Amino acid sequence: MFGYLAILLLVISNSGPVLFATPLAAHQIYTTEAPIEIGLLLEKLRQRTDRSAVIAALASRDDAAPYLRRELAIPTNKFYKYDLSEALREIEARAYQRNKQRFAWWALTRRFDLCTDLLVDCQSNRDAIELADLSLASLRAVGAEASQALGIRFGEPVGLVLPIPFAQCRNVIQLAEDEVTVPRGYYCVGQTLLRATTSELRVNDTHGFFAVVRSGIRYADQKQLAHEWLNSVAIVNNSMQVRAASSSMIICVGDLEMERGPENCVIIANGNIRSTKGQIVVANHSFLCATGNIIQIGGRDSHYSAGGKVTNGPGERVQDMQKALPFGIRFLNPADFGLVLAAQNGGLQVTGIGLDSPFAQYDVRDGDIITAIDDVASDCLATFRRQLRRGILAESVVLRISRGNQQITRIVFLDGIPLPTAPPPREIKP
């Protein structure tokens, strides 16, 4: 893809991954008005002139993707839409292959929220199983580190038990839908990879599940507001409720509510962890971490870590006011792109932006108010982060910006996650 931010070369060798970064270069400004070359090609396509050649020319340009998506969203001639889709399909196929290459680095650096979005988007179960095993290896390492922190041996009956790699399973059941409904009473004989944009679960127990869910979990039985997880992994890129969990790992990119206490679990939330019913939930032999507060969670032989405060946790195992997540886990943050945002003035105002930020390179400025990202109102940081994750996979985002009295648009092209600018070489004194 044409170079914008940093060139990331991931070289897998016996010594591990090697990263190379190059400085950012200045780029032209992209708005929703297509550049002249792309605009002329689109006009030819509308007129159905030299269709094959025009489709090939558009398909060869990665920077045409936002304009093809925009045209497809506008009601127009079905033949024109078909031709647009043909061009966009080739661009997105290249982006998909690049994202598969990035996935190894995301898993290694424990960016499980990005792993989840790509796993949901995998074009085949074969791809999904291959990538799932990459992320499971990192998740098992997290489990081992958590067990060590708890003083428990990883994998023993009293410790955390996670699904074995899918490559080692004789019976792998794959569920991949925009909305997955697991039959009531379903019990996994082998191991289940569940991939869903939205997951509606109708089971009493999820045993041996590796569930990656983009939008959230809905429960068909309203009387049963949450779900029980057993020997499973669940990564949900939204808030969620959990009835109970045992020997499982749950990573929630939002607030997490629990009805009953976990046993031998690792639970990590990019938000608050709290009791569903307002009563103290007893957590045993578990590692709980939240970027916000941990509220009304107690128990024995558990470890509590919070960016805010911990209430009801045993004092000898409490770490609050923590600035970073444990085990090297990171959730996507605008700061990864040199962007500091604050919710105000009807959107998210840019209160700081790095010179090397791809957003700065595509003319986003300090003081701008971002009112929408990819036509979704950016009314809070959580929404912006969610759309930014999608933009990383699509390799671009479209921003609506309020700048003084102007209402403008800017398209920002993304090339994975930026690498930090390399520090100057240390001066060696004689």
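For clarity, every value in this text was computed on a predicted model and none was experimentally measured.

(A) Spotlight on the packing of aromatic side chains. Using the criterion set out here, one finds six aromatic pairs in the structure. An angle of 75° between the planes, with centres 4.8 Å apart, marks the rings of Tyr30 and Phe413 as edge-to-face. Taken together, the residues Tyr30 in the segment before helix H1 (36–46) and Phe413 in strand S24 (residues 406–413) connect sequence positions 383 residues apart. Phe413 shares its class with Tyr30; the two are buried. With a centroid separation of 4.9 Å and an interplanar angle of 55°, the aromatic rings of Phe287 and Phe327 are classed as tilted. Of this pair, Phe287 sits in strand S14 (residues 287–290) while Phe327 sits in the loop between strand S18 (318–319) and strand S19 (339–344), and the two are 40 residues apart along the sequence. Considered together, Phe287 and Phe327 belong to a single accessibility category, that of buried residues.

(B) Region of the structure containing the packing of H1 against helix H2 (residues 51–59). Following both chains from N to C, one finds H1 and H2 inclined at 145°, their axes separated by 9 Å at the closest point. Regarding H1 and H2, the two cross each other, and that crossing is left-handed. Facing H1, whose interface residues are Ile38, Leu41, Leu42, Lys44 and Leu45, H2 presents Arg51, Val54, Ile55, Ala57 and Leu58. For the contact of H1 with H2, the class distribution of residues is eight nonpolar, no polar and two charged.

(C) Representation of H1 within the structure. Within the sequence span of H1, burial applies to Ile38, Leu41, Leu42 and Leu45. Summarising the axial view, the buried residues of H1 lie within an arc of 100°, below the 170-degree limit, and thus occupy one face. Facing away from the buried side of H1 by more than 90 degrees, the exposed set consists of Ile36 and Leu40. Next to the buried residues of H1 lie H2, helix H3 (65–72) and helix H4 (78–108). Once H1 finishes, Arg48 follows within two positions and takes phi at roughly 60°, a positive value.

(D) Up close: the packing of H2 against H4. Across the interface, H2 lies against H4 with an axial gap of 8 Å and an inter-helix angle of 30°. In terms of orientation, H2 and H4 fall into the roughly parallel class. Taken as a pair, H2 and H4 cross one another with a handedness that is right-handed. Across the interface between the two elements, Arg51, Ile55, Leu58 and Ala59 from H2 touch Asp83, Glu86, Ala87, Glu90, Ile91 and Arg94 from H4.

Conventions adopted
- Residues numbered from 1 in each chain as written.
- Predicted model: local features only at pLDDT ≥ 70, side-chain atom pairs only at ≥ 80, totals over all residues.
- Heavy atoms only, no water.
- Phe/Tyr/Trp six-rings, centres within 6.5 Å; stacked < 30°, edge-to-face > 60°.
- Helix = DSSP H or I, 4+ residues; strand = E, 2+ residues; numbered from the N terminus.
- Buried < 20%, exposed > 50% of the residue type's maximum accessible area, 1.4 Å probe, protein only.
- Axes fitted to C-alpha atoms, helices over the stretch in contact; angles between N-to-C directions.
- Left-handed = near helix turned anticlockwise from the far one by under 90°.
- Contact = heavy atoms within 4.5 Å.
- Nonpolar A, V, L, I, M, F, W, Y, C, P; charged D, E, K, R; others polar.
- Arc of directions from axis to C-beta.
- Parallel < 35°, antiparallel > 145°, perpendicular 65-115°, else oblique.

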